[in-house]
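Geometric and topological summary
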Amino acid sequence: MGTQESQESNGQDRGTGRRALLGAAVLGAGGAVLGLSGAARADERHGGGGQGGGQGGGYRSLPKPTVIGHRRASGYRPEHTFGSYQLALDMGADVVEAGDLVPTKDGHLVCRHEPEIGGTTDVSAHPEFAGRKTTKTLDGVPTTGWFTEDFTLAELKTLRAVERIPGNRPNNTLYNGRWEIPTFEEVLRWQDEQTRKRGKQVWIYPETKHPTYFRALGLGLEERLAKVLRKHGKDGKNAPVIIQSFEPTSIQRLDKLVDNPLVVLLSAANTRPWDFVATGDPRTVADLVKPAGLKWMASYAQGIGPTLDLVIPKDANGALATPTTLVADAHRAGLILHPYTMRNENVFLPADFRRGIDPNAYGDAFGAFRTYFATGIDGVFSDNADTALLAREDFVNG
């Protein structure tokens, strides 16, 4: 997830029926997670069965609610590092968000939260790169720092990752400088290696970052991503790679290039995707979450990744209000929902789930998870996969 990320029931029975459906999915917070058998398909092109999916096939075979490690285990390690990726798997995450994808000067895809890397690497400590610091306009916002597109891959490999939000997560700074920036190809090889070692399919969830911005620079992301996926045999409808983007046109382009399951990310209701701004499309996210907008997205995508506020808005005090109809409306359109992002710290939780006065202390994350799961969402991105898995176990067992 990127700069557009917010900080921040269907009527089915939640008792016996839910336990019958989900009870086999969870073996505990840190244990193995079993795939469910195929459910009804939203789109037969991307349904279960065949190679490359969970134990029952494609993305529909993943346990529900699916626990997705947000930038891996970013609550405990600097994000988008193999240390974070590995920990998320060790905790039991069903899917790891391995790759906010941005390009290098020489066209390689690397995994960084943003193309600006001043806050996620030690580049400022490298005097040889001092002259690369510059100000660019990124999706309409002047941004100062160092940008991946101004570095070759060899140069980026001399840098090391650091904690992005040290004020909130000072303990993570212990690991500053330990890991380098991974390429997406390295992630795919790691995925295969971990799948062999663990005896179960490892799933990843990459995102195309600022695709309109990079296309204008001659560094189109979608073609590069499709080429790498084809090279590694992971461009099929049941491949264990779900692709996401905040720009609907990026997902439309990918729909013509690969058969992977695709997800449109949705920010705050009053915002417009940057590709809409660039092309003069007047629609806002509020338009996209209406039935007509959901039907339009379902014509080329299999899911949506809304901010949690689109599922349950907050009142003037920051507490959770009444859920919207988004879950039911999206399911009616045949779309799955993987909202973002659940975190344990008070500062990131709804006001009614904060505990104590320290903004960086843990609040009642379990209570918040329970409330969001009760809406019928199909999964959730979380910085704390271990908490999410325990919360799911509680939810499944009623």
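Above this text you will find the structure in question.
We now turn to the structure provided with this report. This is a predicted model, so every value here is computed, not measured. Residue numbers here run from 1 along each chain, matching the order of that chain's written sequence. A pLDDT threshold of at least 70 governs which residues receive local features in this predicted model, and a stricter bar of 80 or more applies before side-chain atom pairs are shown or counted, although totals over entire chains, interfaces and linings include all residues. Remark: hydrogens and water are excluded; side-chain values derive from all non-hydrogen atoms of the structure.

Points about the sheet that holds strand β10 (residues 262-266)
Put simply, the rule reads: Here, any two strands with at least 2 DSSP bridges between them count as paired. A run of H or I in DSSP becomes a helix once it reaches four residues, and a run of E becomes a strand once it reaches two; helices and strands are each numbered from the N terminus. Contacts are assigned to residue pairs that have any heavy atoms within 4.5 Å of one another. Think of each axis as a best-fit line through the C-alpha atoms, taken over the contacting stretch in the case of a helix, with angles from 0 to 180 degrees between the N-to-C directions.
Pairing is mixed across the open sheet formed by 7 strands, whose spatial order is β4-β3-β8-β9-β10-β11-β12. What marks the edges here is a single partner per strand, and that holds for β4 (109-111) and β12 (336-337). In this fold helix α7 (residues 248-257) packs onto β8 (207-208), β9 (243-245) and β10, with an angle of close to 175 degrees to the strand it touches most, β10.

Observations concerning the sheet that holds strand β13 (residues 379-382)
In spatial order, the strands read β7-β2-β1-β13; together these 4 strands make up an open sheet with parallel pairing. The open sheet terminates on both sides in strands that have one partner only, identified here as β7 (203-204) and β13.

Some thoughts on the side chain of E163
Stated formally: Partly exposed describes any residue whose relative accessible area lies between the buried limit of under 20% and the exposed limit of over 50%, with all areas from a 1.4 Å probe on protein chains only and scaled to the type maximum. Charged residues are defined narrowly, with Lys and Arg counted positive, Asp and Glu counted negative, and His plus the chain ends left uncounted. Salt bridge, as used here, is a side-chain nitrogen of Lys or Arg placed within 4 Å of a carboxyl oxygen of Asp or Glu. For the purposes of these results, a polar contact is taken to be a pair of N or O atoms within 3.5 Å, where, inside protein, one atom must be able to donate a hydrogen and its partner to accept one; residues adjacent in sequence count only when each atom of the pair is a side-chain atom.
Checked against the element boundaries, E163 lands in the loop between α3 (153-156) and α4 (184-198). No salt bridge is formed by the buried E163; its nearest oppositely charged neighbour, R169, is found at 5.1 Å. For E163, the side chain forms a polar contact with the side chain of N172, separated by 3.0 Å.

Focus on unusual backbone geometry
Glycine aside, negative phi is the norm for most residues, and most peptide bonds take the trans geometry. Residues K64 and P65 are joined by a peptide bond in cis, for which omega reads -5 degrees. Secondary-structure assignment places P65 in the loop between α1 (16-22) and β1 (66-69). Positioned with a positive phi, H80 is a non-glycine residue whose angle comes to about 50 degrees. Its place among the elements puts H80 in the loop between β1 and α2 (82-91). H80 gets classed as buried once you look at its relative accessible area, which sits at 0%. Positive phi values are uncommon outside glycine, yet D139 reaches one of about 50 degrees. Along the chain, D139 turns up in the loop between β5 (134-138) and β6 (141-145). Exposure remark for D139: the relative accessible area of 15% places this residue in the buried category.

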